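This is what each chain is made of:
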Amino acid sequence: MSPKTAQELALPVGVTLDRFIMLSQTAFPYATGELSQLLRDIALAGKIINREINRAGLVDIAGGNGTDNVQGENQQKLDIIANIRFIRALKNGGEVCAILSEEDEDIIHTGNDHGKYVVAMDPLDGSSNIDVNVSIGTIFSIYRRISPIDEPATREDFLQGGRKQVAAGYILYGSSTMLVYSTGDGVNGFTYDHSLGEFILSHKNIRSPENGTIYSVNDGYINDYPAFVQDYLTKCKAQSCTARYIGSLVADFHRNLLRGGVYLYPSTKKTPEGKLRLLYECYPLAFIAEKSGGKAIDGFGPILDIVPTSFHQRSPIYVGSPSMVDEVMKL
Ligand code: FDP
């Protein structure tokens, strides 16, 4: 066996998230660094939540808290913890003037009225999976405020519409923890190295496969779906496509983004508006989908073109490989 070279013995660790953000920022001569700092704050919150999730089961942070959130859903203790962790990281970071969270009815003013940005987020998505060790995620969406600096943020800052997002992404707490985000120019993924405490660039310039074989849907509700969805699912089954549904939006979306597939959450008789929330679930994932070459529609048109009217409104969503999303609508 030939001896290894010095390079081979000490392989480079890769590009850290901080370095990547810094390098991306220097590509824009007028960038002030505030968005960069905000992305770092989100990454920090992600690391802290990752730590909390990994301790679930050992300390008393798993399970329901006996309270309901603004959607009337049972809150898990980790939902509440993740919400607090995120809000605190964004408040301390100083770049964000207000936050909209799945967990809170109204916007949260951070006290940083000089901050240029607002963030809509689902601090812990797929939380019914926490207690059974299944992947969960955080989703975030960033806008530049339209209200005047040094005044309190307004509703309108959050209701600008999906096309106005300046950045969006998610953190997936799965077999490894990953941060995937886009500032509009490509989509990049970073895997968390626990030993270093750093996110390392692992998935550069992610491109959605044009087509795929995976369809992800809650098949248990099939009789409640619109006819065009039922027809599509019948066709998927006839073609022996691969059914994969974790029931954790971030994890289902991420797998399909890498492998090629479509995620469907249609309207149902019980939830005629769909189940997923427009501002902090559908918009950010639609942004990532489009920026990677994929598609996201609500059954009528692009998700990003929906005009928002309220903070917690819902939408049906069909998102993933463009050919598959087109096929859903063709039938
Ligand atoms: P959860 O209710 O566990 O928080 O965002 C809501 C969400 O999970 C998504 O993560 C997931 O894809 C979907 O709901 C699952 O809904 P169903 O149980 O109705 O399939």
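Reading guide: rules and limits
- Each chain has its residues counted from 1, running along the sequence as written.
- With pLDDT at 70 or above as the cut-off, local features in this predicted model cover only qualifying residues; side-chain atom pairs require 80 or more to be listed or tallied, and sums for whole chains, interfaces and linings still use all residues.
- Hydrogens and water molecules were not included; the side-chain quantities draw on all heavy atoms of the structure.
- Salt bridges are defined by distance alone: a side-chain nitrogen of Lys or Arg within 4 Å of a carboxyl oxygen of Asp or Glu.
- In DSSP terms, a helix is any run of H or I states spanning at least four residues, a strand is any run of E spanning at least two, and both are numbered starting from the N terminus.
- Residue burial is assigned from relative accessible area. The probe radius is 1.4 Å, only protein chains are included, and a residue is buried under 20% of its type maximum, exposed over 50%, and partly exposed in between.
- Fitted lines through C-alpha atoms give the axes, limited to the stretch in contact for helices. The angle between two N-to-C directions lies from 0 to 180 degrees.
- Under this scheme an angle from 65 to 115 degrees is roughly perpendicular, one under 35 degrees roughly parallel, and one over 145 degrees roughly antiparallel; angles in between are oblique.
- Put simply, a crossing is left-handed when the front helix is turned counterclockwise from the back one by less than a right angle, and right-handed when it is turned clockwise.
- Residue contacts are counted whenever heavy atoms from the two residues lie within 4.5 Å of one another.
- Each residue is assigned to one of three groups, with Ala, Val, Leu, Ile, Met, Phe, Trp, Tyr, Cys and Pro labelled nonpolar, Asp, Glu, Lys and Arg labelled charged, and all others, Gly among them, labelled polar.
- By definition, two strands form a pair when at least two bridges between them are found by DSSP.
- We call a residue near a molecule or strand whenever a single non-hydrogen atom of that residue lies within 4 Å of it.
- Two N or O atoms form a polar contact when they lie within 3.5 Å of each other; inside protein one atom must be a possible hydrogen donor and the other a possible acceptor, and for residues adjacent in sequence the pair counts only when both atoms belong to side chains.
- Here the open area of atoms and residues is found with the Shrake-Rupley method and a 1.4 Å probe, where only the protein chains shown may cover a residue.
- Within this scheme, the nonpolar core is defined by two criteria: the residues are buried Ala, Val, Leu, Ile, Met, Phe, Trp, Tyr or Cys, and they are joined through side-chain atoms within 4.5 Å.

> I'd like a description of the pattern of salt bridges, backed by residues and values.
Taken as a whole and judged by the stated rule, the model has 14 salt bridges. When the shortest N-O distance is used, the salt bridge between Arg277 and Glu102 registers 2.8 Å. Taken together, the residues Arg277 in strand E14 (residues 276–277) and Glu102 in the loop between strand E3 (96–101) and strand E4 (108–109) connect sequence positions 175 residues apart. The exposure classification of Arg277 matches that of Glu102, with both residues buried.

> Please set out the packing of helix H7 (residues 249–259) against helix H8 (residues 278–291) residue by residue, giving values where relevant.
In helix packing, the relevant descriptors are the interaxial angle and the interaxial distance, both defined with respect to the helix axes. At a minimum axis distance of 12 Å, the contact between H7 and H8 shows a crossing angle of 15 degrees. Between H7 and H8, the crossing angle belongs to the class labelled roughly parallel. When the axes of H7 and H8 are compared, the crossing they make is right-handed. Facing Leu249, Phe253 and Leu257 of H7, the residues of H8 in contact are Glu281, Leu285, Ile288 and Ala289. Its residues placed into classes, the contact of H7 with H8 shows 6 nonpolar, no polar and 1 charged.

> Go over the packing of helix H6 (residues 227–238) against helix H9 (residues 322–330), please, and point to the residues and values.
It is at 8 Å that the axes of H6 and H9 come closest, and there the two elements cross at 125 degrees. For the element pair H6 / H9, the angle class is oblique. Contacts between H6 and H9 pair Phe228, Tyr232 and Lys235 from the former with Met324, Glu327, Val328 and Met329 from the latter.

> Can you break down the sheet that holds strand E15 (residues 295–297) residue by residue, with the values?
In space, the 5 strands of this open sheet follow the order E12-E11-E13-E17-E15, with mixed pairing throughout. Each of the sheet's edge strands pairs with one partner strand only, and the pair in question is strand E12 (242–243) and E15. With 2 bridges connecting them, strand E11 (residues 214–216) and E12 associate as parallel partners. Bridging from a neighbouring strand, Ile214 pairs with Thr242 of E12.

> So what's going on with the sheet that holds strand E6 (residues 136–144)? Residues and values would help.
Sheet architecture is open: 8 strands sit in the order E4-E3-E5-E6-E7-E8-E9-E10, paired in mixed fashion. A single partner strand is all that each edge strand has here, and the edge strands are E4 and strand E10 (198–203). Pairing geometry for strand E8 (residues 177–182) and strand E9 (residues 188–193), over 4 bridges, is antiparallel. In the sheet register, Tyr181 faces E9, and the bridge partner there is Asn188. Lying over the sheet, H7 contacts strand E5 (117–125), E6, strand E7 (165–173), E8 and E10, oriented at roughly 100 degrees with respect to E7.

> Now, about the site of the ligand: what can you tell me, with residues and values included?
Around the ligand sit 16 residues, and of these Asp125, Ser128, Tyr245, Tyr265 and Glu281 come closest. The contact in question runs from an oxygen atom of the ligand to an N or O atom on the side chain of Ser128, over 2.5 Å. Separating an oxygen atom of the ligand from a side-chain N or O atom of Lys275 is a distance of 2.8 Å. Coverage of the ligand by the protein chains reaches 86% of its 460 Å² of free accessible surface.

> Hey, could you go over the nonpolar core for me, with residue numbers and the actual values?
Counting residues in hydrophobic clusters, the biggest one holds 41 residues, and the most contacted among them are Tyr170 and Ile303. Considering every element that reaches this core, the biggest residue donor is H8, with 9 residues. Filtering out sequence-adjacent residues up to four positions away, Ile303 remains in contact with Leu278, Cys282, Tyr283, Ala286, Ala296, Ile297, Asp298, Ser315, Pro316 and Ile317. With 37 residues, the next largest nonpolar core counts Leu39, Phe86, Ile142 and Leu201 among its residues.

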